[in-house]
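Residue-level structural notes
Okay, here's what each chain looks like letter by letter:
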Amino acid sequence: MTTARIQTPTRISRLDRTLITAVVLLSSVFPVELFPNTLPASKGHDGQYSGKQGQVLVVKVQGEDQAAEVKGTFLKRVIPFFREFRPGEPDGHIGLLGIDMQDEPGTYELAVEVKQGEQAKQLSFHVLVAKEKFVVEHLKLPREMVDLNEKAVTRWNAEQAQVKQALAENSRLKLWHSNFVEPVNGKRTGIFGSVRVMNGQPRNPHNGEDIGAPMGTDVASTNDGIVRITVDHIFSGKGVFVDHGLGFYSMYFHLSEILVKDGDLVTAGQIIGKVGATGRATGPHLHWGVKLNGARVNPYALLDLPFRKDPNPAATVATPTSESMPNPQAVPVKE
Ligand SMILES: [Zn+2]
């Protein structure tokens, strides 16, 4: 340090030096980092961190041994951590903490357990969940799409159970890498989390983002993963659920065509279907949803991930599985 200062050809003012030191110290003391687009961070105040409903926080635990097993619990949801290697940054374990769009505002504990062999230790962080201002949407739909008859209710219940079962397990392998893809380049409607009033009746909030695009537009998988299920459901229409590992799922609804099948391996950007208006839809668009360890988060939070700009995704991959994923050229394409 001292040597570097003496040799620095351009003079750094004392204030600058103090600031640089402060930043270095802060970043080593406070291991939890927020996404750039989250709330004005209350970073550094009593170890308390904050995010809005539907956002994603990056939690980094530094200084633990490579072999350590790190696992967090937040509002009864399990947050698996993974190793992250990045040039120029201290090694650490990273966890993605999703704040569900309906988590009650308040302060909650993120309990992190670090296990190494026989030894285990606990870390504790406070996370402040702030309210997001979601829009209110008034929708007019055909009556039978809103007032379900008994048969439709039975079908809907069975479909819900099918999805719940398919997504129950957190795959232990991390398949996704740092470069996320927007599934459709279309018009973002910004209605994630919107409070929905259908034909005058309040309904469940909108759990994804809608992207308007012409019928038949290609829909790409946002990242590498395994197709967990493909469905044709009463509300979501033709849909694809992709499991990216460690409790991260993405879903694509109202498709006119599905181009993959259950169990297929897909890569980021691979076309998995076509934009449509199947299910309960007022016109062609893609409904893009993301679940992170059970939390329904804004899918666009993924595109804001700080890992995204990494020029070489393979370099940050934490498990060998993603690198050794077979190229799914065998994916059948329906015509
Ligand atoms: Zn939607």
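Residues numbered from 1 in each chain as written. Predicted model: local features only at pLDDT ≥ 70, side-chain atom pairs only at ≥ 80, totals over all residues. Heavy atoms only, no water.

1. What about the pairing of strand S13 (residues 209-212)?
A regular strand places its side chains so that they alternate between the two faces of the sheet. Under the convention used in this document: A pair of strands is treated as paired once DSSP finds two or more bridges between them. To qualify as a helix, a DSSP run of H or I must reach at least 4 residues; to qualify as a strand, a run of E must reach at least 2; elements of each kind are numbered from the N terminus.
Pairing of strand S10 (residues 187-188) with S13, which is carried by two bridges, proceeds in the antiparallel orientation. Looking at S13, one finds that Arg188 is bridged to Ile211. Sheet topology places S13 next to strand S21 (residues 285-292); four bridges connect them, and they run antiparallel. Bridging across to S21, Gly212 finds its partner in His285.

2. Remarks on the nonpolar core
What counts, and what does not: What we call a nonpolar core is a set of buried Ala, Val, Leu, Ile, Met, Phe, Trp, Tyr and Cys residues that are connected through their side-chain atoms within 4.5 Å. We call a residue buried when its accessible area falls under 20% of the maximum for its residue type, exposed when it is over 50%, and partly exposed in between, using a 1.4 Å probe and counting protein chains only. Whether two residues are in contact is decided by their heavy atoms, any of which lying within 4.5 Å being enough.
The biggest cluster of nonpolar side chains holds 34 residues, and the ones touching the most others in it are Val219, Val240, Tyr252, Ile272, Leu286 and Trp288. Mapped onto this core, the elements with two or more residues apiece are strand S3 (56-62), strand S6 (92-98), strand S16 (237-245), strand S17 (248-255), S21, strand S22 (295-297) and helix H5 (300-303). Among all residues touching Leu286, those that are not within four sequence positions of it are Pro183, Val184, Glu209, Asp210, Ile211, Val219, Tyr252, Phe253, Leu255 and Val275. Of all hydrophobic cores here, the second largest spans 16 residues; its members include Val70, Ile79, Leu110 and Phe125.

3. Structural notes on the coordination of the zinc ion
The test is simple: For Na, K and Ca the donor cutoff is 3.2 Å, while for all other metals N, O and S atoms must lie within 2.8 Å; water is not among the atoms, so some sites may look incomplete.
Looking at the zinc ion, the protein donor atoms are His206 (NE2), Asp210 (OD) and His287 (ND1), and they sit 2.0 to 2.1 Å from it. Every donor residue of the zinc ion comes from the same chain, spaced as H-x3-D-x76-H. On the basis of relative accessible area, His206 is assigned to the buried category, the value being 4%.

4. Digging into the side chain of Gln53
So the rule is basically this: Each polar contact in these results corresponds to two N or O atoms within 3.5 Å; when the atoms are within protein, one needs to be able to donate a hydrogen and the other to accept it, and residues that are neighboring in sequence are counted only if both atoms are side-chain atoms.
Of note, Gln53 is situated in the loop between strand S2 (48-52) and S3. Given the relative accessible area of 6%, Gln53 is considered buried. Here Glu132 takes part through its backbone nitrogen, which lies 2.9 Å from a polar atom of the side chain of Gln53. If we skip the residues at most four places from it in the chain, Gln53 touches Ile99, Asp100, Met101, Asp103, Pro105, Val129, Ala130, Lys131, Glu132 and Phe134.

5. Thoughts on the sheet that holds strand S9 (residues 136-139)
Stated formally: Helix axes are fitted only over the stretch in contact, all axes being lines through C-alpha atoms; the angle between N-to-C directions runs from 0 to 180 degrees.
If you walk across this open sheet you meet the three strands as S9-S11-S12, and the pairing is mixed. Looking at which strands have only one partner, the edges of the open sheet turn out to be S9 and strand S12 (201-203). When the angles between neighbouring strand axes are averaged without regard to direction, this sheet yields 30°. When S9 meets strand S11 (residues 195-198), the two strands line up parallel, connected through four bridges. If you follow Leu139 over to S11, its bridge partner there is Met198.

6. A short note on the pattern of salt bridges
Keep this limit in mind: One speaks of a salt bridge when a side-chain nitrogen belonging to Lys or Arg is within 4 Å of a carboxyl oxygen belonging to Asp or Glu.
Counted under the stated rule, the structure contains 10 salt bridges. A salt bridge links Arg77 to Asp103; the nearest nitrogen and oxygen atoms lie 2.7 Å apart. Taken together, the positions of Arg77 in strand S5 (residues 77-84) and Asp103 in the loop between S6 and strand S7 (106-116) put the pair 26 residues apart, joining distant regions of the chain. Taken as a pair, Arg77 and Asp103 share a single burial class, namely buried. A salt bridge links Asp243 to Arg228, with the shortest nitrogen-to-oxygen separation between them at 2.8 Å.

7. Examining the sheet that holds strand S14 (residues 218-220)
Taken together, three strands build an open sheet; the order of strands is S14-S20-S18 and the sheet is antiparallel. Each having just a single partner strand, S14 and strand S18 (257-258) make up the two edges of the open sheet. The pairing of S18 with strand S20 (residues 271-274) spans two bridges and is antiparallel. Pairing of Glu257 across the sheet is with Lys274, part of S20.

8. Some words on unusual backbone geometry
Positive phi is not limited to glycine here, since Asn199 has a value of about 50°. Here Asn199 lies in the loop between S11 and S12. What makes Asn199 partly exposed here is its relative accessible area of 23%. Phi is positive for His254, which is not a glycine, with a value near 65°. By relative accessible area, which is 5% here, His254 ends up buried.

9. Side note on helix H4 (residues 150-166)
Each full turn of the α-helix corresponds to 3.6 residues, which orients residues three or four apart in the same direction. The criterion, for reference: Expected helix span is taken as 1.5 Å per residue step, with the number of steps being one fewer than the number of residues. The arc in question is the one spanned by the directions pointing from the helix axis to the C-beta atoms.
Spanning 17 residues, H4 covers 25 Å between terminal C-alpha atoms, matching the ideal 24 Å at 1.5 Å per step. Residues Ala152, Glu159, Val163 and Ala166 constitute the buried set of H4. Burial along H4 is one-sided: seen end-on, the buried residues are contained in an arc of 65°. With respect to the buried face of H4, the exposed residues turned more than 90 degrees away are Glu150, Thr154, Lys164 and Gln165. On its buried face, H4 is in contact with strand S15 (225-233), S16 and S17.

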